[in-house]
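Breakdown of the fold
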Amino acid sequence: GSFGKTSTKYILSTILMQKYDVLMTPESYNTTLGVVRTINEKMKSTNQIFVCEMGAKNIGDIKEICDLVKPAYGLVTSIGKQHLETFKNIENVKKTKMELIDALPEDGIGFLNYDDENIVSCKTNKNILKYGLSNKENDIWAENIEIDERGSSFTICFKDGKKIDVRTKLLGKHNILNILGASLVAYRLGLSDNEIKLGIKLLKSIPHRLEMKSTVNGNIIIDDAYNSNVKGAEMALDVLGLFKDRQKILITPGIVDLGESAYEINKNLGKQAAQSSDFIILVGEKAAKPIYDGI
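Keep in mind that this is a model prediction, so the values were computed, not measured.

With respect to the helices and strands, the residue aspartate 278 is situated in the loop between α11 (262-276) and β12 (279-282). Looking at aspartate 278, the relative accessible area reads 45%, which means it is partly exposed. The spatial distance from the C-alpha of aspartate 278 to the C-alpha of lysine 248 is 5.2 Å, given a sequence separation of 30 residues. Among residues more than four places away in sequence, those in contact with aspartate 278 are Arg246, Gln247 and Lys248. Looking at aspartate 278, its side chain comes within polar contact range of the main-chain nitrogen of lysine 248, at 2.7 Å.

What follows is about the side chain of threonine 155. On the secondary structure map, threonine 155 appears in strand β7 (residues 151-158). Here threonine 155 is in contact with Trp141, Ala142, Glu143, Asn144, Lys163, Ile164 and Asp165, once residues within four sequence places are set aside.

The grouping of Lys169, Lys197, Lys201 and Lys204 at the surface amounts to a positive patch. Here lysine 201 is to be found in helix α9 (residues 193-201). Looking at lysine 201, the relative accessible area reads 59%, which means it is exposed.

Next up on the list: the nonpolar core. If you look at the biggest cluster of nonpolar residues, it comprises 35 residues, and the most contacted ones within it are Ile15, Leu16, Phe154, Ile156, Leu180 and Ile200. With 8 residues, the top contributor of residues to this core is helix α8 (residues 173-188). Excluding residues within four positions of it along the chain, isoleucine 200 makes contact with Ile15, Ile156, Val166, Arg167, Thr168, Ile179 and Ser183. The next biggest cluster of nonpolar side chains, apart from the first, holds 17 residues, and it includes Cys52, Leu100, Ile101 and Leu112.

Moving on to the pairing of β12. By the bridge criterion, 4 bridges tie strand β11 (residues 249-252) to β12 in an arrangement that is parallel. Looking at β12, one finds that isoleucine 249 is bridged to phenylalanine 279.

Before going further, it helps to spend a moment on the pattern of salt bridges. Overall, the coordinates contain 12 salt bridges when judged by the stated rule. A salt bridge links lysine 63 to aspartate 67, with the shortest nitrogen-to-oxygen separation between them at 3.1 Å. Of this pair, lysine 63 and aspartate 67 both sit in helix α3 (residues 61-69), 4 residues apart, roughly one helical turn. The exposure class assigned to lysine 63 is partly exposed, which follows from its relative accessible area of 46%. Aspartate 67 gets classed as partly exposed once you look at its relative accessible area, which sits at 45%. Between glutamate 143 and lysine 136 there is a salt bridge, with the nearest N and O atoms lying 3.4 Å from each other. Through salt bridges with shared partners, a single ionic network connects Lys136, Glu143 and Lys163.

What helix α2 (residues 32-42) keeps buried is the set Gly34, Val35 and Thr38. Taken around the axis of α2, the buried residues stretch over an arc of 100°, which confines them to a single face. Within α2, the exposed residues directed more than 90 degrees away from the buried face are Leu33, Asn40 and Glu41. Contacts made by the buried residues of α2 are with β1 (22-24), β2 (49-51) and α3.

Reading the values: the criteria
- Residues numbered from 1 in each chain as written.
- Predicted model: local features only at pLDDT ≥ 70, side-chain atom pairs only at ≥ 80, totals over all residues.
- Heavy atoms only, no water.
- Helix = DSSP H or I, 4+ residues; strand = E, 2+ residues; numbered from the N terminus.
- Buried < 20%, exposed > 50% of the residue type's maximum accessible area, 1.4 Å probe, protein only.
- Contact = heavy atoms within 4.5 Å.
- Polar contact = N/O pair within 3.5 Å; in protein donor to acceptor, adjacent residues only side chain to side chain.
- Patch = residues over 30% accessible without salt bridge, like charges linked within 9 Å, V, L, I, M, F, W, Y side chains within 5 Å.
- Areas by Shrake-Rupley, 256 points an atom, 1.4 Å probe, with all protein chains shown as cover.
- Salt bridge = Lys/Arg side-chain N within 4 Å of Asp/Glu carboxyl O.
- Lys, Arg positive; Asp, Glu negative; His and termini not counted.
- Charge placed at Lys NZ, Arg CZ, Asp CG, Glu CD.
- Core = buried A, V, L, I, M, F, W, Y, C linked by side-chain atoms within 4.5 Å.
- Pairing = 2+ DSSP bridges.
- Arc of directions from axis to C-beta.

See the structure below:
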């Protein structure tokens, strides 16, 4: 996906570890070289499942990794305006992200985020299962969502009528979406309700992705420093807005690698930042101007 890859990988691996011996690509290793290093240096004969993150900046990047690992299952988290300096347009992004689904065998399954209109618009003849926050036409969705500064609680609903009440320390609606996608994969791989529930309970903040840290003087730092995509930035500001009765300070360099869309997207970021923040510190001259205009 354009974003949500690393978070979903950590979530999926944690849940699957309740039943299987799992190897995942570490940190943000999502290039061919990173995947090769993981296989050569980390893979053991006891591993039952390999969770492999795949990233791309050019058409064919995902296919190259698929040719190497030959995935049985593929999960597409999102398709958005990322790396437009190399992709040039959203159609090329769609084509590249769907290389994962195209590479699946006849008995393979694609898990698609159907809250993402760009994914919905992609055509495929492969077996797919759909996940989303609220659309009950999906194979999995969430009900009874409650979000606060301590995390989220919600009910996971499956198309076959199964329901699991869960709670997580992870912040933000997008992490609920990531958990739904991971839970759908886990369900198909035979995990029980209790194994899925326990895996979700054990989830920890992913480093530098809405990672909440407390300082000695009682301040809270929400470290989202790795994030650099439009949707993720919007959701991070939504999370910031959840913290009531606190002075909220945003420090941001804006979003980069957007090609001709950079000014408009960063201006819109500034508009949203003005609604969720009391003070805003802009880092770097290039992105500061459009964000400031939006504020």
